[in-house]
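# Summary of the model geometry
Take a look at the letters that make up each chain.
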Amino acid sequence: TLLYTIKFEVELRSMKDINMVPSSMLCFAPHERKRKKNRPAHVQCVNVRYDGTGPDRAQLPTHKISWIRSFPEYIPCQYTSYDVLKQPRWADPPLDSPCARMPAYNALDGMVDRRSHQGDYKLMEGVPRNPCGRTGMIGRGVLGRWGPNHTATPIITRWSRDSAGNIKEINGARLLEVVAVKSRAGWGLPCELVIPGDRLGVGTRRAFLRELMKKRKYNSPEEANQSVGELFGEGTLVYKGYVDDAKNTDNAWLETVATNYHDISGEGFAAFRLSDDFTWVEATYMLTIFSQHKELLKEVVDLHRAHW
């Protein structure tokens, strides 16, 4: 319900830096391109300072990323942020905490989905082992959960139109618009931590709920929340799996479900103005957006045979 969504949103406010994270997609839905050959599983989360500002990771040769490769001299840095150790509701308590219980790994553990889109992951010294290899760091970093931390990446599109309402074309191909988010690091696609079963995300849902509440009067918040669900529908799955992200460690990592919600008629999303930092932009190669998100956006452009 909306009330639960709002409650969950409050819990996520202290995780602002985790929302809208850049991601490098390793594989796509069956209708998309195959994974590029010889691409390392980890690029964003090896041999760099953790999340750009944290401690340095242990140096890791590319050919030693895979767990299959023996690496007896591997001594990863250990790091879990102070915010995580304060035991907020969005994070697992430390395993040695009096209130801690052993998480049900590789399972739906109450309201925490500890299953991975990559399949069952192995445990290493009692905690999950990153299925895509070493990262040079153990612990959870700034991520709340041991193992997979699930996010949603809604790719919301509509046709770009001129002042007369006609769909814009360039070289005979129609032009798409996409909802993009502006953060301190630049433009990106919405990407947020989610509760099980949510493909939209609290921030995206909140933005569209705000617009709906301005335009219509609802008898209850639940009715408005239902309208948002009907507005987006099922969508088209673009990607589901592991995210190569600077916040990943050997024991905690990000995964996402990327879904394209396309307004074919232009009537569903036409009235949504949104805000300056959460707005519609034209989806072209010239768009300055996180390079990893641009790769994902290109898949959606190709899906609709639009101009790039």
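Right above here is the structure, for reference.
Residues numbered from 1 in each chain as written. Predicted model: local features only at pLDDT ≥ 70, side-chain atom pairs only at ≥ 80, totals over all residues. Heavy atoms only, no water.

## Quick notes on the pairing of strand 15 (residues 278–282)
Judged by how many residues are buried, strand 15 sits mostly within the fold: four of five residues are covered. As defined by bridge partners, strand 10 (residues 176–183) adjoins strand 15 across five bridges and the pair is classed as antiparallel. The residue bridging Val181 from the neighbouring strand is Phe278, located in strand 15. (Buried < 20%, exposed > 50% of the residue type's maximum accessible area, 1.4 Å probe, protein only. Helix = DSSP H or I, 4+ residues; strand = E, 2+ residues; numbered from the N terminus. Pairing = 2+ DSSP bridges.)

## Structural notes on the environment of His150
By secondary structure assignment, the location of His150 is in strand 7 (residues 147–159). Measuring from C-alpha to C-alpha, the distance between His150 and Val243 comes to 9.7 Å, with 93 residues separating the pair along the chain. Aside from chain neighbours lying at most four places away, what touches His150 is Asp113, Arg115, His117, Glu192, Leu193, Val194 and Glu255. There is a polar contact of 3.3 Å between the side chain of His150 and the backbone oxygen of Asp113. (Contact = heavy atoms within 4.5 Å. Polar contact = N/O pair within 3.5 Å; in protein donor to acceptor, adjacent residues only side chain to side chain.)

## Details of the pattern of salt bridges
In the structure shown here, the tally under the stated rule is 11 salt bridges. A salt bridge links Arg114 to Asp92, with the shortest nitrogen-to-oxygen separation between them at 2.9 Å. Of this pair, Arg114 sits in the loop between strand 3 (112–113) and strand 4 (123–124) while Asp92 sits in the loop between helix 2 (82–85) and strand 2 (108–109), and the two are 22 residues apart along the sequence. For the salt bridge of Lys298 with Asp302, the shortest nitrogen-to-oxygen distance reads 2.8 Å. Here Lys298 and its partner Asp302 are both found in helix 5 (residues 291–303), four residues apart, which amounts to about one turn of the helix. Beyond isolated ion pairs, a larger network of salt bridges with shared partners links Asp92, Arg101, Asp109, Arg114 and Arg145. (Salt bridge = Lys/Arg side-chain N within 4 Å of Asp/Glu carboxyl O.)

## Looking at helix 5
Because the α-helix completes a turn every 3.6 residues, residues three or four places apart line up on one side. An ideal rise of 1.5 Å per residue puts 18 Å on 13 residues; helix 5 measures up with 19 Å between its terminal C-alpha atoms. Counting buried residues in helix 5 gives 10 out of 13 residues, a clear majority hidden from the surface. Inspection of helix 5 places Gln292, His293, Lys294, Glu295, Leu296, Leu297, Lys298, Glu299, Val300 and Val301 among the buried residues, and these make up the whole buried set. The secondary structure elements touched by the buried residues of helix 5 are strand 7, strand 10, strand 11 (186–188), strand 13 (236–243) and strand 14 (252–263). (Expected span 1.5 Å × (residues − 1).)

## Thoughts on the nonpolar core
Counting residues in each nonpolar core, the largest one holds 27 residues, and the members touching the most others are Ile155, Val178 and Leu296. Going through the elements one at a time, strand 7, strand 10, strand 13, strand 14 and helix 5 are the ones with two or more residues in this core. The greatest single-element share of this core, amounting to four residues, is contributed by helix 5. Of all hydrophobic cores here, the second largest spans nine residues; its members include Val179, Val181, Tyr261 and Trp280. (Core = buried A, V, L, I, M, F, W, Y, C linked by side-chain atoms within 4.5 Å.)

## As for the packing of aromatic side chains
In total, this model carries four aromatic pairs according to the counting rule given. Between Tyr121 and Trp253, the aromatic rings sit 5.4 Å apart at their centres with planes inclined by 85 degrees, giving edge-to-face as the arrangement. Highlighted residues: Tyr121 in the loop between strand 3 and strand 4 and Trp253 in strand 14, separated in sequence by 132 residues. The same class applies to Tyr121 and to Trp253, which are both buried. Relative to Trp308, the ring of Tyr285 lies with its centre 6.3 Å away and its plane at 75 degrees, an arrangement referred to as edge-to-face. Of the two residues, Tyr285 is situated in the loop between strand 15 and helix 5 and Trp308 in the segment after helix 5; the sequence distance between them amounts to 23 residues. In this structure Tyr285 comes out as exposed when scored by relative accessible area, which is 53%. Look at Trp308 and you get partly exposed, because its relative accessible area is 22%. (Phe/Tyr/Trp six-rings, centres within 6.5 Å; stacked < 30°, edge-to-face > 60°.)

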